[in-house]
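The residues making up each chain are set out below.
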Amino acid sequence: MQSNLRPESMARITTAELANAFIDEQVAQVRAQVGDKKVLLALSGGVDSSVVAALLIKAIGKQLICVHVNHGLMRKGESEGVIEMFRERMDANLIYVDATDHFLGLLAGVSDPERKRKIIGKEFITVFAEEARKQEGISFLAQGTIYPDILESFKQAEGKKAVKSHHNVGGLPEGMQFELVEPVKLLYKDEVRVVGEALGLPHAMVYRQPFPGPGLGVRCLGAITRDRLHALREADAILREEFDKNGLAGKVWQYFVVVPDIKSVGVKDESRYEGWPAIIRAVNTSDAMSATIEEIPYALLHHITDRITREVEGINRVLYDLTPKPVGTIEWE
Ligand code: XMP
């Protein structure tokens, strides 16, 4: 059994060779821990849960049951990508739960960001637990805990007002007790990525930019409506496509679109056209505590503006957010 703290002698995993040795060791350890029992995993499609899924599929195959809950706040194509990768290509036991209507129903009319976060976080656990109850004979819960999460939990609160309550989806309600399987809990993020590539996960998945647990829910500002959420998802997909094409995807730490609940007057086909603005944010940071703004070439900004305003119903302006953190946080909510 691993302890909770990383031994100082543990080498950093920087090469495929070291990653393969780590994978072999973990596969053996997981098999010894789990035996012929079943393991449940909340698979969001983020780097950590994806790497844990790939590792456990290698170790125990169909004894792993992955549950992907779509809260309706995923980016364009994201849930489909998870299904295609894990169910189609890796032949995993994957349960897909489309809870879009449920989440959007609960969020209707809720404009306070912290309340939105709480609803999304709490409901996520409820929906996941419901699926867990339907499965027979689960003994273990796998989690994509990584070493910084463990270090964080050792830190004392420093007496400053929390800026926002970050929530990461996962976990189960108290009272549902499973033994934990946490195969990457002693790894730093960069090591998790090296292990992910050694397991055969695509580069784009392993080097995916961070995406918050509440997803587009904190980028569709104020009370979420389906039409504005749809516009946000389409505009964000265009931004991501253009960053990919123009070599910025691997260079910029986090980039996304925000759509506030305000309309301005525009003109389209010689008629008055009221629409929302799409706000582009592209930041660089090493620890997310502070962040600087990426300088996007103007020609690219013009091209993105042109595409978003032509292709996305309901958007009639594009703005570029120049605010560093501090004073702005990375997300708008
Ligand atoms: P802020 O907005 O606090 O964001 O400057 C710092 C980083 O954290 C992400 N973020 C979240 N991640 N749940 C998450 O899992 C959340 O509620 C949440 N809020 C912000 C944000 O995307 C950025 O990477």
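Anyway, here's the lowdown on the structure attached to this text. (Residues numbered from 1 in each chain as written. Predicted model: local features only at pLDDT ≥ 70, side-chain atom pairs only at ≥ 80, totals over all residues. Heavy atoms only, no water.)

### Some points on the overall build of the protein chain
Then comes step 1: In terms of regular secondary structure, the protein chain is built from ten helices and ten strands.
Then comes step 2: Computed over its C-alpha atoms, the radius of gyration of the protein chain comes to 21 Å, within 12% of the 20 Å expected for a compact globule of 333 residues.
Then comes step 3: Here the C-alpha coordinates of the protein chain stretch approximately 70 × 45 × 40 Å along the principal axes.
Then comes step 4: Every one of the 333 residues in the protein chain was classed for burial, and the buried ones make up 51%.
Then comes step 5: Look at the contacts in the protein chain between residues 6 or more apart in sequence, and 78% of them connect residues 24 or more apart.
Then comes step 6: Just so you have it, the protein chain exposes about 16800 Å², and 52% of that area is on carbon and sulfur atoms.
Then comes step 7: Each charge sign in the protein chain was given a centre, from 41 positive and 47 negative side chains, and these centres are 2 Å apart. (Helix = DSSP H or I, 4+ residues; strand = E, 2+ residues; numbered from the N terminus. Rg over C-alpha atoms; globule rule 2.2 N^0.38 Å. Buried < 20%, exposed > 50% of the residue type's maximum accessible area, 1.4 Å probe, protein only. Contact = heavy atoms within 4.5 Å. Areas by Shrake-Rupley, 256 points an atom, 1.4 Å probe, with all protein chains shown as cover. Lys, Arg positive; Asp, Glu negative; His and termini not counted. Charge placed at Lys NZ, Arg CZ, Asp CG, Glu CD.)

### As for unusual backbone geometry
Then comes step 1: Backbone torsion omega between Lys 325 and Pro 326 reads -20°, so that peptide bond is classified as cis.
Then comes step 2: Take Pro 326: it is sitting in the segment after strand E10 (315–320).
Then comes step 3: Even without a glycine there, the phi angle at Asp 91 is positive, about 55°.
Then comes step 4: Tracing the backbone through its elements, the reader meets Asp 91 in the loop between helix H3 (78–89) and strand E3 (93–98).
Then comes step 5: The backbone of Asp 269 shows a phi angle near 50°, a positive value even though the residue is not glycine.

### Observations concerning the packing of aromatic side chains
How two aromatic rings sit relative to each other is given by the distance of their centres and the angle of their planes.
Then comes step 1: Using the criterion set out here, one finds two aromatic pairs in the structure.
Then comes step 2: Ring geometry for Tyr 147 against Tyr 188: centres 5.5 Å apart, planes inclined by 90°, an arrangement best described as edge-to-face. Remark: Tyr 188 occurs in the loop between strand E5 (179–181) and helix H7 (189–198) and Tyr 147 occurs in helix H6 (residues 147–154); sequence separation between them is 41 residues.
Then comes step 3: The class for Tyr 147 is buried, based on a relative accessible area of 6%.
Then comes step 4: By relative accessible area, Tyr 188 is classed as partly exposed at 28%.
Then comes step 5: If you follow Arg 75 out to its NZ or CZ, it ends over the ring of Phe 211, 4.0 Å from the centre.
Then comes step 6: Its end group placed over the ring of Phe 256, Arg 219 keeps NZ or CZ at 3.8 Å from the ring centre. (Phe/Tyr/Trp six-rings, centres within 6.5 Å; stacked < 30°, edge-to-face > 60°. Lys NZ or Arg CZ within 6 Å of the ring centre and 35° of its normal.)

### Things to note about the sheet that holds strand E1 (residues 38–42)
Think of a sheet as strands paired side by side through backbone hydrogen bonds, with each pair either parallel or antiparallel.
Then comes step 1: Taken together, five strands build an open sheet; the order of strands is E3-E2-E1-E4-E5 and the sheet is parallel. The open sheet is flanked by E3 and E5, the only strands paired with a single partner. Strand-to-strand twist in this sheet, taken as the mean axis angle between neighbours without regard to direction, amounts to 30°. (Pairing = 2+ DSSP bridges. Axes fitted to C-alpha atoms, helices over the stretch in contact; angles between N-to-C directions.)

### Overview of the pattern of salt bridges
Then comes step 1: A full pass over the atoms with the stated rule returns 24 salt bridges.
Then comes step 2: The partner of Arg 310 in a salt bridge is Asp 306, with the nearest N and O atoms 3.1 Å apart. Here the residue Arg 310 and the residue Asp 306 both occupy positions in helix H10 (residues 298–311), the gap between them amounting to four residues, near one helical turn.
Then comes step 3: Look at Arg 310 and you get exposed, because its relative accessible area is 54%.
Then comes step 4: Accessibility expressed as a relative area gives 35% for Asp 306, which makes it partly exposed.
Then comes step 5: Its salt-bridge partner being Arg 307, residue Glu 311 comes within 2.8 Å of it at the nearest N-O pair. Highlighted residues: Glu 311 and Arg 307, both in helix H10, separated by four residues, approximately one helical turn.
Then comes step 6: Using a relative accessible area of 11% as the deciding quantity, one classes Arg 307 as buried.
Then comes step 7: Within this structure, Glu 241, Glu 242, Lys 245, Arg 307 and Glu 311 form a network of salt bridges that share partners. (Salt bridge = Lys/Arg side-chain N within 4 Å of Asp/Glu carboxyl O.)

### With respect to the packing of helix H9 (residues 226–245) against H10
Then comes step 1: At a minimum axis distance of 10 Å, the contact between H9 and H10 shows a crossing angle of 150°. Relative to H10, the crossing made by H9 is right-handed. Residues Ala 235, Ile 238, Leu 239, Glu 241, Glu 242, Phe 243 and Lys 245 of H9 lie in contact with H10, whose contacting residues are Leu 300, His 303, Ile 304, Arg 307, Ile 308 and Glu 311. (Left-handed = near helix turned anticlockwise from the far one by under 90°.)

### Examining the side chain of Asn 316
Then comes step 1: Looking at where Asn 316 falls in the secondary structure, it is placed in strand E10.
Then comes step 2: Separated by 3.0 Å, the side chain of Asn 316 and the backbone oxygen of Ser 264 make a polar contact.
Then comes step 3: Here the side chain of Asn 316 touches Tyr 273 through a polar contact of 3.0 Å, landing on its backbone oxygen.
Then comes step 4: Residues contacting Asn 316, with those up to four places away along its chain left out, are Ser 264, Val 265, Gly 266, Tyr 273, Glu 274, Gly 275, Trp 276 and Thr 309. (Polar contact = N/O pair within 3.5 Å; in protein donor to acceptor, adjacent residues only side chain to side chain.)

### Thoughts on the environment of Arg 208
Then comes step 1: Counting through the fold element by element, Arg 208 comes out in the loop between helix H8 (203–206) and H9.
Then comes step 2: Take Arg 208: its relative accessible area is 18%, and that puts it in the buried class.
Then comes step 3: Residues Arg 208 and Gln 254, spaced 46 residues apart in sequence, show a C-alpha to C-alpha distance of 9.3 Å.
Then comes step 4: Setting aside chain neighbours within four positions, we find Arg 208 in contact with Gly 45, Gly 46, Val 47, Arg 75, Glu 78 and Arg 193.
Then comes step 5: Only 2.7 Å separates the side chain of Arg 208 from the side chain of Glu 78, close enough to count as a polar contact.

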